Amino acid sequence: MGYQAKFRVWRGAGRPDETITAAEADGALHDYEVEVNEGEVVLDVIHRLQQTQTPDLAVRWNCKAGKCGSCSAEVNGKPRLMCMTRMSTFAEGETVTVTPIRTFPLIRDLVTDVSYNYQKAREMPAFAPPPGVEPGEYRMQQVDVERSQEFRKCIECFLCQNTCHVVRDHDENKQAFAGPRLFIRAAELDMHPLDAKPDRKEFAQATQGIGYCNITKCCSEVCPEHIHITDNAIIPMKERVVDRKYDPITWLGSKIGRR
Ligand code: SF4
Ligand code: F3S
Ligand code: FES
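Criteria and thresholds
Residues numbered from 1 in each chain as written. Chains lettered and ligands numbered in written order. Predicted model: local features only at pLDDT ≥ 70, side-chain atom pairs only at ≥ 80, totals over all residues. Heavy atoms only, no water. Near = heavy atom within 4 Å. Nonpolar A, V, L, I, M, F, W, Y, C, P; charged D, E, K, R; others polar. pLDDT = per-residue confidence, 0-100. Helix = DSSP H or I, 4+ residues; strand = E, 2+ residues; numbered from the N terminus. Salt bridge = Lys/Arg side-chain N within 4 Å of Asp/Glu carboxyl O. Buried < 20%, exposed > 50% of the residue type's maximum accessible area, 1.4 Å probe, protein only. Contact = heavy atoms within 4.5 Å. Pairing = 2+ DSSP bridges.

1. Section: the site of ligand 1
- Taken together, Cys154, Ile155, Glu156, Cys157, Phe158, Cys160, Arg181, Ile184, Cys223, Pro224 and Ile229 make up the full set of residues adjacent to ligand 1.
- Taken together, the residues that form the shell around ligand 1 break down as nine nonpolar, no polar and two charged.

Below, the structure is given as structure tokens:
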């Protein structure tokens, strides 16, 4: 049976345009009553709101199947994919508040500018097999494929980046911190038997700012793909960097090697 749900949705932008008045431009939460039918998710209701009351509501989405990573938002303050958040998880009289993810600059309404993540991805050196290996010459062992398979499930929803306290309210840290999504990419390449250089652990330490991470695990908690970001990527990368720096035998070896 359908019912009328109470929705509170963030409307506004960093700049006024013809659909958002100057007064609204800074943004505010607006209340709506919207029809909900059995089996629907939050994104269905946002779409119905757009169809029936707010045709100018900006919202990013694509697959409606939890696979494109586009519909990230904060639902009742929790980072979520709107297309994977069932309306049945809320009581019928409950107000459902939908706001944009907050770590990235707001474009308008529920849409943010996530280019920080792409910029950090571009800064990472690409996969680099040793010279002379031709396509088809190398066969990966199944065990090597499986080791990093978990990290390839990432759908780039950036909910982990949005949640990490290092950048969530600290724009000033973005320069020096690549964030959990990029740490799993570094770990994935680090586990690749053919990735010769650069040293991904050293890069994570020196350039990606993995040292800023104090292992709060908030990123892992919000990942819709249930990737063990902290336990399986960040902690092993950190441990091995620490081992290298402080292990006396490794230290001695690096000194002798430099002579
Ligand atoms: Fe999203 Fe998880 Fe990928 Fe982070 S690691 S971008 S939370 S899928
Ligand atoms: Fe941030 Fe995840 Fe580390 S939330 S502090 S990157 S464990
Ligand atoms: Fe693709 Fe939600 S619309 S993940």
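Next comes the rest of the write-up.
2. What about the confidence of the model for the chain?
- Mean pLDDT over the chain works out to 89, with 88% of the residues at or above the 70 mark.
- Both confidence scores are given for the complex: pTM 0.88, ipTM 0.99.

3. Here's the deal with the site of ligand 2
- In the region of ligand 2, the neighbouring residues are Cys164, His165, Pro180, Cys213, Asn214, Ile215, Thr216, Lys217, Cys218, Cys219, Thr230 and Ile234.
- Where the shell around ligand 2 is concerned, the elements lending two or more residues are α8 (218-222) and α9 (229-246).

4. Quick look at the pattern of salt bridges
- A full pass over the atoms with the stated rule returns 18 salt bridges.
- Ionic pairing is found between Lys64 and Asp44, a salt bridge with its closest N-O pair at 2.8 Å. Of this pair, Lys64 sits in the loop between α1 (42-52) and β3 (72-75) while Asp44 sits in helix α1, placing them 20 residues apart in sequence.
- The exposure class assigned to Lys64 is partly exposed, which follows from its relative accessible area of 37%.

5. A closer look at the environment of Ala5
- With respect to the helices and strands, the residue Ala5 is situated in strand β1 (residues 3-11).
- When sequence neighbours within four positions are dropped, the list of residues in contact with Ala5 reads Tyr32, Glu33, Val34, Val36 and Met87.

6. Some thoughts on the pairing of β3
- Judged by which residues are buried, β3 turns out to be covered on both faces: Ser72 and Glu74 on one side and Ala73 and Val75 on the other are all buried.
- Bridge count between β3 and strand β4 (residues 78-81): four bridges; the pairing is antiparallel. Bridge pairing in β4 links Ala73 to Arg80.
- Counting the residues in the hairpin turn of β3 and β4 gives two residues, including Asn76, whose phi is positive at 50°.
- When β3 meets strand β5 (residues 95-99), the two strands line up antiparallel, connected through two bridges. Paired with Glu74 across the bridge in β5 is Thr99.

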